[in-house]
Amino acid sequence: MAALYGALEAGRVGIFESPTGTGKSLSLICGALSWLRDAEQKKRQEEERLLAAAEPGRPGGGGSAGEPDWVAAFVRRKEERDAADRLKEEQIRRKKREDRLEKIRHNIQLKYAAKRKRSEEDEAKRLLQLSKEVLSEGAGVDALAQLDHSEEELILAEYESDEEKKAVSELEEDDDDLEEEHVTKIYYCSRTHSQLSQFVHEVQKSPFGKETRLVSLGSRQNLCVNEEVRRLGALQLINDRCMEMQKNKHEKKSDEDVEGKKRRVSRAVCPFYSCEQMQFLRDEVLVEVKDIEQLVALGRETKACPYYGSRYAIPAAQLVVLPYQMLLHEPTRNAAGIKLKDQVVIIDEAHNLIDTITCVHSAEVSGSQLCCAHSQLLQYMERYRKRLKAKNLMYIKQILYLLEQFVAVLGVLCLTGNVKQNPNCQAVSQTGTVLKSINDFLFQSQTDNINLFKVRRYCEKSLISRKLFGFVERYGGPATAVKTNKENQKLAGLQNFLLTLQQGSDKEAGTLQSPPTEAESSQLRAGSPLMQIEGFLSALTNANQDGRVILNRQGTVGQSSLKFLLLNPAVHFAKVVEECHAVIIAGGTMQPVADFREQLLSCAGVDPARVVEFSCGHVIPPENILPIILCSGPSNQQLEFTYQSRDLPQMMDETGRILCNLCNVVPGGVVCFFPSYEYAKQVYAHWEKTGLLTRLATKKKIFQEPKKANQVEQVLVEYAKCIKRCSQAGGQMTGALLLSVVGGKMSEGINFSDDLGRCVVMVGMPYPNIKSPELQEKMAWLDKTMPRATGQAPSRVLIENLCMKAVNQSIGRAIRHQKDFASILLLDHRYARPAVFNKLPQWIRERTQVKPAFGSAFAELRKFHRGKLDAL
């Protein structure tokens, strides 16, 4: 906490490491919020000093050379008065906001009054709907239609109350009251919504829980309370529908259709997007700390949109909690109203920060998506050509040309891919992967003459992807009524072309097929791929040296893809560290930190003197952990799991024998990590054939990590139940063995505390696939741009760092709290090499034993676990 406070006070960029179970979250909360409280107090004292200095009657000093004293004094006094006026206005706004929140906090009657008013509004809406239904009944409509012109003026016009007319402007005015130019904020980011919820619960329990104005931000998928929109499922569909409904709320009501007297579906508005209701939700959010789930529950209760309500609360918030993808992507950051100037950013669980930035700013599109978007956009342009302005037509034609050329370049090198044919039946004669610089790709695809910056800006401003989605939603299904046979044929062609992309049909696009079924049409309305293609176009505006385009040519154009790979994540992190007062990168396992210093901070232009590192040990007693590097197995086979040797039968047999011995002495659960799914599957099949699996199963029930994410929870539940059952029943079966994969679903974020993980085994060193074209390009880029700081090539350092980051994450699953205990077994003699050993976390490195022979290692393991069982 002291180190964090000092880093924030000095405006540093800090790399903080504190193992899981040491109170990292609470330390971040107390250290950061203590600093924020003191910073606000200092700021107010400075304001009082400036206001006192601006009081009339204060004597002025002499003027500068060549300038009369009275002129200099006048200018200085005017500047001081202007600054004092700004401070007074800010104080008034702050006082008004604090008074309102205090009133809400202590006056329960206001809450009940607001709830009663909402109930009255609901009843009024219900009665209004009943009145409309009565009018729409047959006799009522006929009577209304038969009225002559002279009686028309007797009919009441549609009523809109003064409150409804003023709602938007009142919200805007009230926003001015909340806006404070110099409100210092702490933006706390983590990887997942569940991690953010855990952090908010820690804030609630802390001494700062009642006085902190905290806002939780999330995606529409997590915060939307409109069940009709939530049922769409996919994030893109939810975003599109929400934006459309919000737009309809502000637009003038369209004329009703003559036949049905009903508004079109696309003109629907969201009942939760009410300015008055969102004002109430905003104030409730600021009054009391709430996590995402509580925010959603409040939105349902108040019938207000939590997604927009939380954003209205940002200006007055002191602590903003958000997923770090939202902070690291500048367009998303701007859309959420996040301003980083002179603020503090804390990025927790930041061990994968470099990969996350790379992933957020990379983009991939398939040949099928390119052809699908081209077909949709072409149909859209043909249908509305006479209604579109010249500039719209120009940009649409540019986008169509880009799509055509991208499909062509996917075909073969001589540009023979055809966007108008079904991509699933266009064979690619030259399969394989090719990497190109951005400029080379644009030259080859003959698109270097198009200004991609302007195209990107047009896509952002015109919302063309959302318009296209609405078009596909309206005309992509068979039930849509159209006016002419010609139009019907065109739209049927669109439907069937989209269907061929879904089914991989061999027929050419444009030929009429049987109409899609209802289930198929619902799949067709999954939205336009143009939004994803916009992301690829945006990625192509990166500097030529900062990325590469990967052309992955498979059997057909549809199966092939274009991918932009970001090589320099620092270019997108630079703005964060430039604008912020301080940035803290924190995690339970940050080693090795060289990647953060060199690839991220140094390349982002951060002065090395501004960077501070902090790492602390674990809170567990030294005797509660036993890390061992094992160099050979029971039959004296040297353990070296290289790509050349790990497939040997004797290596797989030796691994099985080690686990058999372990399962005899380790109680509860044993978690064994393999370098890859393929190797884990290969070893399992070998053990099954040799009978080793049967021997293992006599002591531990064997579980395997599933590849599908939705099956992970079920496997973990069964694994935990088995361990509990064995510990209660006794007998020969002592627990369970979980075969997992480094970098898989169970190597991060899973809690193997107590009996769930009494021993963690790491089989070999999980080096990344060095034959991967993407990794090879990254290595070449590093060797070209990074200095040789340690005498090793930067690419070699990268490979080792990627390996050890994965190892450290996996073995960190074992110890989860102060009274926990576990053994850690690293099966490979290469872990003992100084360059590798020094990249283990400090708290593990300090206690690690290197054992050349299995006998001595086994004796230590048996002694450790028997001693712990006796103590229990």
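Since we're looking at a predicted model, the values are computed, not measured. (Residues numbered from 1 in each chain as written. Predicted model: local features only at pLDDT ≥ 70, side-chain atom pairs only at ≥ 80, totals over all residues. Heavy atoms only, no water.)

## Regarding the overall build of the chain
Within the chain, the secondary structure is distributed over 36 helices and 18 strands. Taking all 872 residues of the chain together, the buried fraction comes to 50%. Pairs at least 24 residues apart make up 79% of the contacts formed inside the chain by residues separated by at least 6 positions. Of the roughly 42300 Å² of accessible surface on the chain, a fraction of 51% belongs to carbon and sulfur atoms. (Helix = DSSP H or I, 4+ residues; strand = E, 2+ residues; numbered from the N terminus. Buried < 20%, exposed > 50% of the residue type's maximum accessible area, 1.4 Å probe, protein only. Contact = heavy atoms within 4.5 Å. Areas by Shrake-Rupley, 256 points an atom, 1.4 Å probe, with all protein chains shown as cover.)

## Some remarks on the packing of helix 28 (residues 649-665) against helix 29 (residues 677-690)
Where helix 28 contacts helix 29, the axes come no closer than 10 Å and their chain directions differ by 80°. Here helix 28 is positioned roughly perpendicular relative to helix 29, judged by the angle of their axes. Contacts from Pro-649, Met-652, Asp-653, Thr-655, Gly-656 and Leu-659 of helix 28 reach helix 29 at Tyr-679, Gln-682, Val-683, His-686, Trp-687 and Thr-690. In terms of residue class, the contact of helix 28 with helix 29 is made up of 6 nonpolar, 5 polar and 1 charged. (Axes fitted to C-alpha atoms, helices over the stretch in contact; angles between N-to-C directions. Parallel < 35°, antiparallel > 145°, perpendicular 65-115°, else oblique. Nonpolar A, V, L, I, M, F, W, Y, C, P; charged D, E, K, R; others polar.)

## What about the sheet that holds strand 9 (residues 561-566)?
Taken together, 4 strands build an open sheet; the order of strands is 6-9-8-7 and the sheet is antiparallel. Since the sheet does not close on itself, it has two edges, and those belong to strand 6 (363-366) and strand 7 (432-437), each with one partner. Adjacent strand axes in the sheet meet at a mean angle of 20°, parallel and antiparallel pairs treated alike. Bridging between strand 6 and strand 9 involves 4 bridges; their strand directions are antiparallel. Residue Glu-364 lies in a different strand from strand 9, and its bridge partner there is Lys-563. Strands strand 6 and strand 9 of the sheet are contacted by helix 18 (residues 367-384), whose axis makes an angle of about 75° with strand 6. The strands touched by helix 32 (residues 773-785) are strand 7, strand 8 (547-553) and strand 9; relative to strand 7, the strand with the most contacts, the crossing angle is about 30°. (Pairing = 2+ DSSP bridges.)

## Comments concerning the pairing of strand 16 (residues 759-763)
The buried fraction of strand 16 amounts to 5 of the 5 residues, a majority that puts the element mostly inside the structure. Here strand 16 shows two buried faces, one formed by Cys-759, Val-761 and Val-763 and the other by Val-760 and Met-762. Direction of pairing for strand 13 (residues 668-674) relative to strand 16: parallel, over a ladder of 4 bridges. Across the sheet, the residue bridging to Phe-673 is Met-762, located in strand 16. Of the pairings in the sheet, the one linking strand 16 to strand 17 (residues 822-827) comprises 5 bridges and is parallel in character. Along strand 17, the bridge assignment pairs Cys-759 with Ser-823.

## Structural notes on the sheet that holds strand 15 (residues 735-741)
Judged by pairing direction, the sheet is parallel, and its 7 strands sit side by side in the order 14-15-13-16-17-12-18 without closing on themselves. Only two strands of the sheet have a single neighbouring strand rather than two, namely strand 14 (700-704) and strand 18 (849-851). The mean angle between the axes of side-by-side strands here comes to 20°, regardless of whether they run parallel or antiparallel. Sitting on the sheet, helix 33 (residues 794-811) touches strand 13, strand 16 and strand 17, and the angle it makes with strand 16 is about 160°.

## A few points about the environment of Val-683
The residue Val-683 is located in helix 29 in this model. Overall, Val-683 belongs to the buried group, its relative accessible area being 2%. Along the chain, Val-683 and Met-652 lie 31 residues apart, while their C-alpha atoms are 6.1 Å from each other.

## Details of the packing of aromatic side chains
Each aromatic ring pair is described using two quantities: the centre-to-centre distance and the angle formed by the ring planes. Enumeration over the complete set of coordinates arrives at 15 aromatic pairs. Pairing Phe-674 with Tyr-679 gives two aromatic rings, centres 6.2 Å apart and planes at 65°, and the pair type is edge-to-face. When sorted by exposure, Phe-674 lands in the same class as Tyr-679, which is buried. Both rings, one in Phe-854 and one in Phe-858, keep their centres 5.7 Å apart while their planes meet at 25°; by these two values the pair is stacked. Here the residue Phe-854 and the residue Phe-858 both occupy positions in helix 36 (residues 854-871), the gap between them amounting to 4 residues, near one helical turn. Residue classification places Phe-858 among the buried residues on the basis of a relative accessible area of 14%. The rings of Tyr-273, Tyr-307 and Tyr-308 are connected pair by pair, giving a single aromatic cluster. The ring of Tyr-307 carries Arg-311 above its face, with NZ or CZ at 3.8 Å from the centroid. Above the face of the Tyr-679 ring, Arg-646 is positioned so that its terminal group lies 4.8 Å from the ring centre. (Phe/Tyr/Trp six-rings, centres within 6.5 Å; stacked < 30°, edge-to-face > 60°. Lys NZ or Arg CZ within 6 Å of the ring centre and 35° of its normal.)

## A closer look at the environment of Asp-754
Looking at where Asp-754 falls in the secondary structure, it is placed in the loop between strand 15 and strand 16. Here the alpha-carbon distance between Asp-754 and Ala-822, two residues 68 residues apart in the chain, equals 8.0 Å. With residues near it in sequence (within four places) discarded, Asp-754 still touches His-817 and Asp-820.

## Observations concerning the environment of Pro-19
Among the structural elements, Pro-19 can be located in the loop between strand 1 (13-17) and helix 2 (24-53). For the pair Pro-19 and Ile-815, spaced 796 residues apart in the sequence, the C-alpha separation amounts to 9.0 Å. The residues touching Pro-19, leaving out its near neighbours within four places in the chain, are Gly-588, Cys-616, Gly-617, His-618 and Trp-843.

## Digging into helix 36
Helical geometry: 3.6 residues make up each α-helical turn, so side chains three or four residues apart lie on a common side. Here helix 36 is 18 residues long and its end C-alpha atoms lie 26 Å apart, about the 26 Å a rise of 1.5 Å per residue gives. The complete set of buried residues in helix 36 reads Phe-854, Ala-857, Phe-858, Leu-861, Phe-864, His-865 and Lys-868. Seen end-on, helix 36 carries its buried residues on one side only, within an arc spanning 130°. Along helix 36, exposed side chains directed more than 90 degrees from the buried face belong to Lys-863, Arg-866, Asp-870 and Ala-871. Close packing links the buried residues of helix 36 with strand 12 (625-630), helix 28, strand 17 and strand 18. (Expected span 1.5 Å × (residues − 1). Arc of directions from axis to C-beta.)

## Quick word on the nonpolar core
For soluble globular proteins, the rule of thumb is that nonpolar side chains tend to be buried together. In terms of nonpolar packing, the biggest core is built from 64 residues, with Tyr-187, Leu-322, Ile-347, Leu-353, Phe-573 and Ile-585 touching the most fellow members. Element by element, the count of residues in this core is highest for helix 26 (residues 570-579), at 5 residues. Apart from residues no more than four positions distant in its own chain, Leu-353 is found in contact with Leu-328, Ile-347, Phe-573, Ile-585, Phe-596 and Leu-600. Counting 48 residues, the second largest nonpolar core, distinct from the first, contains Leu-738, Tyr-767, Val-807 and Ala-814. (Core = buried A, V, L, I, M, F, W, Y, C linked by side-chain atoms within 4.5 Å.)

## Here's the deal with the pairing of strand 5 (residues 344-347)
Here strand 5 shows two buried faces, one formed by Val-344 and Ile-346 and the other by Val-345 and Ile-347. Of the pairings in the sheet, the one linking strand 2 (residues 186-190) to strand 5 comprises 4 bridges and is parallel in character. Each bridged residue has a counterpart across the sheet, and for Tyr-188 the counterpart in strand 5 is Ile-346. Here 4 bridges tie strand 5 to strand 10 (residues 582-587), and the two strands are oriented parallel to one another. Pairing of Ile-347 across the sheet is with Ile-585, part of strand 10.

## Observations concerning unusual backbone geometry
Of note, the amide linkage connecting Gln-591 to Pro-592 takes the cis form, showing an omega dihedral of -5°. For Pro-592, the position within the fold is in the loop between strand 10 and helix 27 (594-602). Of note, Asp-754 is a non-glycine position whose phi angle comes to about 55°, a positive value. Given a relative accessible area of 31%, Asp-754 falls into the partly exposed group.

## A closer look at the state of the cysteines
Taken as a whole, this structure holds 0 disulfides when the rule is applied. Its sulfur unpaired, Cys-305 is 5.8 Å from the next cysteine sulfur, which belongs to Cys-242. Note on Cys-305: relative accessible area 10%, which makes it buried. (Disulfide = S-S within 2.5 Å.)

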